[in-house]
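Architecture and fold: a report
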Amino acid sequence: MNRKFQARLFALAFAASALAYGQTAAKAAAPPPTAVKPATSAAADPVAGPTKIGVINIQAAIILTNEGQRDIGVLNTKFEPKRNELESMSKELEGLQKQLDTQGDKLNDEARANLVKQIEAKKKSGQRLQEDATADYEAQSNEIMQRIGNKLYATLDKYAKANGYGLIVNFSDQGGPVVWASQGTNVTKAVIDAYNVESGVPAPAKPATPTGVKPPGPKPTAH
């Protein structure tokens, strides 16, 4: 338990929410089973021409929409008091630990034992507070990701059909099936822009990002 209270709270919570959403987002990016009708014959399902294939970072798209930035920003503001409380506890613990390190050999047994007890109590209290705050933040950030993700799929569906895509594959910073893609196949920004128009949510004054966490952007692609 040290100055990493703040970073751990938001980094762990946000990373957990992003990973938890990964499988859901991947499913959302794929067409439902009923959307694919098996061909009864070659004549019944003619090939109109080359099929366009695209890639999208669903996780980044959700977070970087105006609505995502707004809602994550509101969530971070809500958790600011908890972050400050954790930071304050971290500083108190550091002070006690420093006192033990510099004065421990000068204290009598009783005084030293009491100081060690204080440190242990602070550690346990801080750990509980961090775990509770992390779980709460994770649950609420997951709700944001799921809610926006469900709506983003509808935008992606319309965009893909309007632009002649036969397949759009999801990828994320956590890895995935895409090992190479030209920049021209990356539709992440286009879908974000389309979603922003449909949602009507204005762009935030500042990028609303979790404290100490950089939102995942589109994966660098080769040209």
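Residues numbered from 1 in each chain as written. Predicted model: local features only at pLDDT ≥ 70, side-chain atom pairs only at ≥ 80, totals over all residues. Heavy atoms only, no water.

1. Some words on the packing of aromatic side chains
Here is the rule: Only Phe, Tyr and Trp rings are paired, with Trp represented by its six-membered ring, and only when their centres lie within 6.5 Å; those with planes under 30 degrees apart are stacked, over 60 edge-to-face, the remainder tilted. A run of DSSP states H or I qualifies as a helix once it reaches four residues; a run of E qualifies as a strand once it reaches two. Both are numbered from the N-terminal end. The buried label applies to any residue whose accessible area, calculated with a 1.4 Å probe on protein chains only, is under 20% of its type's maximum; exposed applies above 50%, and partly exposed to all values in between. A ring is considered to have a charge above it if a Lys NZ or an Arg CZ atom is located within 6 Å of its centre and within 35 degrees of its normal.
Scanning the model with the defined rule gives 2 aromatic pairs in all. When the ring of F79 is compared with that of Y137, the centres are 5.1 Å apart and the planes differ by 80°; the resulting orientation is edge-to-face. Of this pair, F79 sits in the loop between α3 (66-78) and α4 (80-103) while Y137 is found in helix α5 (residues 109-162), placing the two residues 58 residues apart along the sequence. For the pair Y159 and Y165, a centre-to-centre distance of 6.1 Å together with 25° between the ring planes defines the contact as stacked. Taking the relative accessible area as the measure of exposure, Y159 reaches 19% and is therefore buried. Across the ring face of Y165, the terminal group of K52 is positioned such that the distance to the ring centre comes to 4.4 Å.

2. Side note on the packing of α5 against helix α6 (residues 188-199)
The test is simple: Between the N-to-C directions of two axes lies an angle of 0 to 180 degrees, each axis being a line fitted to C-alpha atoms and, for a helix, fitted only over the stretch in contact. Working definition: roughly parallel below 35 degrees, roughly antiparallel above 145 degrees, roughly perpendicular at 65 to 115 degrees, and oblique for all remaining angles. Here, residues are in contact when the closest pair of their heavy atoms is within 4.5 Å. Under the convention adopted here, Pro, Cys and the residues Ala, Val, Leu, Ile, Met, Phe, Trp and Tyr are nonpolar, Asp, Glu, Lys and Arg are charged, and Gly plus all remaining residues are polar.
Two numbers describe how α5 lies on α6: the axes approach to 9 Å, and their chain directions differ by 110°. By the angle class used here, α5 and α6 are roughly perpendicular. Residue-level inspection shows I148, K151, L152, T155, L156, K158 and Y159 of α5 in contact with α6, the latter providing A190, V191, A194, Y195 and E198. When grouped by side-chain class, the residues that make up the contact of α5 with α6 number 8 nonpolar, 1 polar and 3 charged.

3. As for the environment of W180
When you line up the elements, W180 lands in the loop between β2 (165-170) and α6. Looking at W180, the relative accessible area reads 56%, which means it is exposed. Separated by 125 residues in sequence, W180 and V55 place their C-alpha atoms 10.0 Å apart.

4. Thoughts on the side chain of N196
Position of N196 relative to the elements: it lies in helix α6. Taking the relative accessible area as the measure of exposure, N196 reaches 15% and is therefore buried. Look past the residues within four positions of N196 in its chain and what remains in contact with it is T65, N66 and V201.

5. Looking at the confidence of the model for the protein
Where the model shows low pLDDT, its predicted coordinates should not be examined in detail. Selection rule: The pLDDT value tells you how sure the predictor is about a given residue, anywhere from 0 up to 100.
Mean pLDDT over the protein stands at 77; residues scoring 70 or higher make up 68%. Averaged pLDDT values for the elements of the protein fall to 38 in helix α1 (residues 5-29) and rise to 97 in α6. Note on residues 1-47: pLDDT is under 50 here. Beyond four places in sequence and across chains, it has 73 contacts. Below a pLDDT of 50 lies the segment residues 208-223, which in the model reaches 45 contacts outside its immediate sequence neighbourhood of four places, other chains included.

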